[in-house]
Amino acid sequence: MDIILEEEKVDKLTLLLNKLINEGGASYVLLTDMAGNLICKSGEGSIDATSLAVLSAANFAATKEIARLIGEDEFSLLFHRGQKENIHFTRIDPEILMIVLFKPYVSLGLLRIKIEGIKKEIQKILGE
Amino acid sequence: MAVINFKEKLIQVKIVYYGPGRSGKTTNLIYIYDKLQQKLSGRPASRLITIDTRGDRTLFFDFFPVELGKIYGMDLKIQLYTTPGQVVYNTTRKLVLKGVDGVVFVADSLPARRQANIESLQNLKENLAHYNLKIEDIPLVFQWNKRDLEDEGLVLLDIETLEDDLNKELKAPSFPASAIRGYNVFQTLKQIAKLTISSVIRKFMLSEQIVKVAGG
């Protein structure tokens, strides 16, 4: 199944990603499909979004295989902590992954609540 | 799984270079990347990502995106990937095939690799089946690589043998090539890009028609 994104759909998705930046404290958010195709992004900074999408999808897929090897379906928290930037991965549905960059002073718990809040809305838009 | 984005006016497709270990998949990508870098001289190009072991074997994949002009006013972006060829890396090889829209099968022309080519094609069929894809239904181009070794006096598998071993039933387009010298590297890419884009557009048109018919 290919992903067809009409202009209106992209606008709606971008609004939701902006919400995560404005209300959740994220610095950069992007959506990719599990094949590594970038769907949309939001945030400032000179990030190579194409490469970030590709590597995140691959990382997610590899981590899922690791989970399977040790008898788990998948890990519930996928998160890397850095000195200046943290990164969090969320599976929106079986085909879509959300990647959120945020500063170390931002609360992961609060961010995760915000992510949960918009997850269903993203599912709805992509399912339309 | 292609992405068609009407807001950005962009069609993105994923093309995977498949084949046995050391057949020249990464060499193809590096040649394309270097040539495009030269062409773009000065302008920042996309990065070539490689995840390899300390030797020259691909551990997970190599990747870079190529922009290929416009169709119907939409920009075309082709995401090129290679897979690890070594038999032992099948899990990662399978992961790279996720959402593939087109495949280039890079076969090794050395007689000693004849069986490895056959096994790799069989492995491709099995891994596509994992995603409910049939090799017959996916855009495919064969590349008979390392033809330059003939100039060094080595005896290679002749094209007829390669065709007979791998392409007898599929009858996909094929090119003799030398990835290291660049012979037919861009021709292979052009052919698979053409087949893949038209397949994606055909599927899209069909789904639009279905929606229209369903909508009355």
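What comes next concerns the included structure. Small disclaimer: the values here were computed from a predicted structure and weren't measured. (Residues numbered from 1 in each chain as written. Chains lettered and ligands numbered in written order. Predicted model: local features only at pLDDT ≥ 70, side-chain atom pairs only at ≥ 80, totals over all residues.)

**Some words on the nonpolar core**
Of all hydrophobic cores here, the largest spans 78 residues; its most connected members are A:A57, A:V100, B:V16, B:V103 and B:F105. Excluding anything up to four places from it in sequence, B:V16 contacts B:Y81, B:T83, B:V96, B:L97, B:V100 and B:V103. (Core = buried A, V, L, I, M, F, W, Y, C linked by C-beta atoms within 7 Å. Buried ≥ 20, exposed ≤ 12 C-beta atoms within 10 Å, placed from the backbone. Contact = placed C-beta atoms within 7 Å.)

**Examining the interface of chain A and chain B**
How big an interface is tends to be expressed through the accessible area that disappears when the partners come together. Taken together, the contact pairs 24 residues of chain A with 24 residues of chain B. Those elements that place two or more of their residues in the side of chain A that touches chain B are β1 (3-5), α1 (7-24) and α2 (49-69) of chain A. At 8 residues, α2(A) tops the list of elements feeding residues into the side of chain A that touches chain B. Among the residues making up the side of chain A that touches chain B, the classes are represented as 13 nonpolar, 4 polar and 7 charged. Sheet topology places β1(A) next to strand β1 (residues 3-5) of chain B; 3 bridges connect them, and they run parallel. By the bridge assignment for β1(B), A:I4 is matched with B:I4. (Helix = DSSP H or I, 4+ residues; strand = E, 2+ residues; numbered from the N terminus. Nonpolar A, V, L, I, M, F, W, Y, C, P; charged D, E, K, R; others polar. Pairing = 2+ DSSP bridges.)

**A closer look at unusual backbone geometry**
Residue and element names in this part refer to chain B. Positive phi outside glycine occurs at N132, with the angle close to 60°. Within the secondary structure, N132 is located in the loop between α3 (114-130) and β7 (140-145). Look at N132 and you get exposed, because 7 C-beta atoms sit within 10 Å. Here N184, not a glycine, exhibits a phi torsion of approximately 65°, which is positive. Structurally, N184 is set in the loop between β8 (174-176) and α5 (185-214).

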